[in-house]
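Spelled out from the first residue to the last, the chains are:
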Amino acid sequence: MQSFKWINATSVDEVKEIFAQQGDKARIFAGGSDLMTMLKERLDMPELIVNIGNIKALKYIREEEDGVRIGAMTVLADIAEHPVLGRNFTALAQAAKAVGSPQIRNMGSIGGNLCQRPRCWYFRGPFMCIRKGGDTCYAVNGENQYYHAILEGEDCFMVHPSDTAVALIALDADIIIAGVKKDRVVKAENFFIGPGEDIEKENILEPDEFITEIRIPAIEINTRSTFLKTRIRGAWNFALASVAEVPS
Ligand SMILES: Cc1cc2nc3c(=O)[nH]c(=O)nc-3n(C[C@H](O)[C@H](O)[C@H](O)COP(=O)(O)OP(=O)(O)OC[C@H]3O[C@@H](n4cnc5c(N)ncnc54)[C@H](O)[C@@H]3O)c2cc1C
């Protein structure tokens, strides 16, 4: 692993200040369950790691009149077990519960789940694929039975691995983004980008931006939303396919 500088941030404003000075060299560390692998495999080599795990102001699930607000550092286990989410935003609670294993759900934050990197093994392995600056997507003629797109692959056939993303898009959620120049709000469905738009990125975040909150608009009480996921084994695995449905 390449050495890096580590900062324990204590507030959102402090993160913004750090990003204002060294945004392109810094990376957010939330639970670290994905980032640590990226660092160890030298797939990501930032000079500075900004730990947001101690920012208490980013850990909450709040019910408000217009819906529910979830801080970016809220762990998936808390989302899976939250009574209001389980009752009124069932698809999200089910999606959080479908992630990996209890250990991953206790470590992994919702912000990190939305910003995790692709699981394509050519991207994760020692291959100079098109996503890493090469000129070939090895999945096209190689091992492509899991974690790859069957539609609209274009140059790279990676799919986004996040279970909660599927539920949040169906629930019409907003993603609240803090930035050095300005804060902004985007619909979850506009947050993610495919390889056709930018081969190196999976979302619209600029280097000096990060997620602070997820907002889900209120829906009628007892609306029975659902999340379903199919995978190669019963636990500890990413989706082969998943679907979320929210009746309107
Ligand atoms: C064995 C295993 C099985 C898994 N199975 C599943 C699964 O079935 N379904 C699923 O959806 N996921 C699965 N995951 C992925 C897991 O859910 C994510 O690793 C986890 O949610 C990431 O959260 P984190 O807080 O640890 O993020 P980190 O690892 O700290 O960060 C991940 C990435 O997001 C960025 N980031 C983190 N927070 C923010 C933020 N607030 N704003 C901007 N960028 C941010 C980081 O810079 C980094 O690039 C699995 C992971 C493992 C290791």
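Refer to the structure printed above.
Colleague: Before we go on, may I ask you to explain the environment of L76 in this structure?
Modeller: Assignment of secondary structure puts L76 in helix α3 (residues 76-81). For L76, a relative accessible area of 1% translates into the label buried. Here the alpha-carbon distance between L76 and G112, two residues 36 residues apart in the chain, equals 9.8 Å. Ignoring sequence-local partners within four residues, the contact set of L76 consists of A96, V99, R105, G108, S109, I110, N113 and T164.

Colleague: Can you walk me through the site of the ligand in this structure?
Modeller: Taken together, 34 residues surround the ligand, and among them I28, G31, S33, S109 and W236 come closest. Take Q116: an N or O atom from its side chain is 3.3 Å from a nitrogen atom of the ligand. When the ligand is considered free in solution it has 970 Å² of accessible area, and contact with the protein chains removes 93% of it. Counting only elements with at least two residues in the shell around the ligand, the list comes to β2 (26-29), α6 (102-107), α7 (110-115) and β8 (209-217). The element that contributes the greatest number of residues to the shell around the ligand is α7, accounting for four residues.

Colleague: Explain the side chain of R124 to me, please; I cannot follow it from the model alone.
Modeller: Along the polypeptide, R124 turns up in helix α8 (residues 121-124). Within polar-contact distance, the side chain of R124 engages the side chain of D34 at 2.9 Å. Polar side-chain contacts of R124 include one of 2.8 Å to the backbone oxygen of P118. Apart from residues no more than four positions distant in its own chain, R124 is found in contact with D34, T37, M38, L43, R117, P118 and R119.

Colleague: What should I look at first to understand the nonpolar core in this one?
Modeller: A general feature of soluble globular proteins is that nonpolar side chains tend to end up buried together. Counting 37 residues, the largest nonpolar core has I70, L92, L114, L168, I175, F191 and I214 as the members making the most contacts within it. It is helix α5 (residues 90-97) that provides the largest number of residues to this core, a total of five residues. Apart from the residues lying within four places of it in its own chain, the contact partners of I70 are Y60, I61, I79, L85, L92, I110, T212, E213, I214 and I216. Residues A9, M73, A178 and F210 belong to the second largest nonpolar core, which totals 15 residues.

Colleague: Any chance you could explain the sheet that holds β8 here in plain terms?
Modeller: Across a sheet, paired strands are connected by hydrogen bonds in the backbone, their directions being either parallel or antiparallel. Pairing is antiparallel across the open sheet formed by five strands, whose spatial order is β4-β5-β8-β6-β7. This sheet does not close on itself; its edge strands, each paired only once, are β4 (61-64) and β7 (184-187). Geometrically, the sheet is characterised by an average inter-axis angle of 25° between neighbouring strands, direction not taken into account. Bridge count between β4 and strand β5 (residues 67-71): four bridges; the pairing is antiparallel. Its bridge partner being in β5, R62 is matched across the sheet by R69. Sheet strands in contact with helix α1 (residues 12-22) are β6 (174-179) and β8, and its direction is about 140° off that of β8.

About the thresholds
- Residues numbered from 1 in each chain as written.
- Predicted model: local features only at pLDDT ≥ 70, side-chain atom pairs only at ≥ 80, totals over all residues.
- Heavy atoms only, no water.
- Helix = DSSP H or I, 4+ residues; strand = E, 2+ residues; numbered from the N terminus.
- Buried < 20%, exposed > 50% of the residue type's maximum accessible area, 1.4 Å probe, protein only.
- Contact = heavy atoms within 4.5 Å.
- Near = heavy atom within 4 Å.
- Polar contact = N/O pair within 3.5 Å; in protein donor to acceptor, adjacent residues only side chain to side chain.
- Areas by Shrake-Rupley, 256 points an atom, 1.4 Å probe, with all protein chains shown as cover.
- Core = buried A, V, L, I, M, F, W, Y, C linked by side-chain atoms within 4.5 Å.
- Pairing = 2+ DSSP bridges.
- Axes fitted to C-alpha atoms, helices over the stretch in contact; angles between N-to-C directions.

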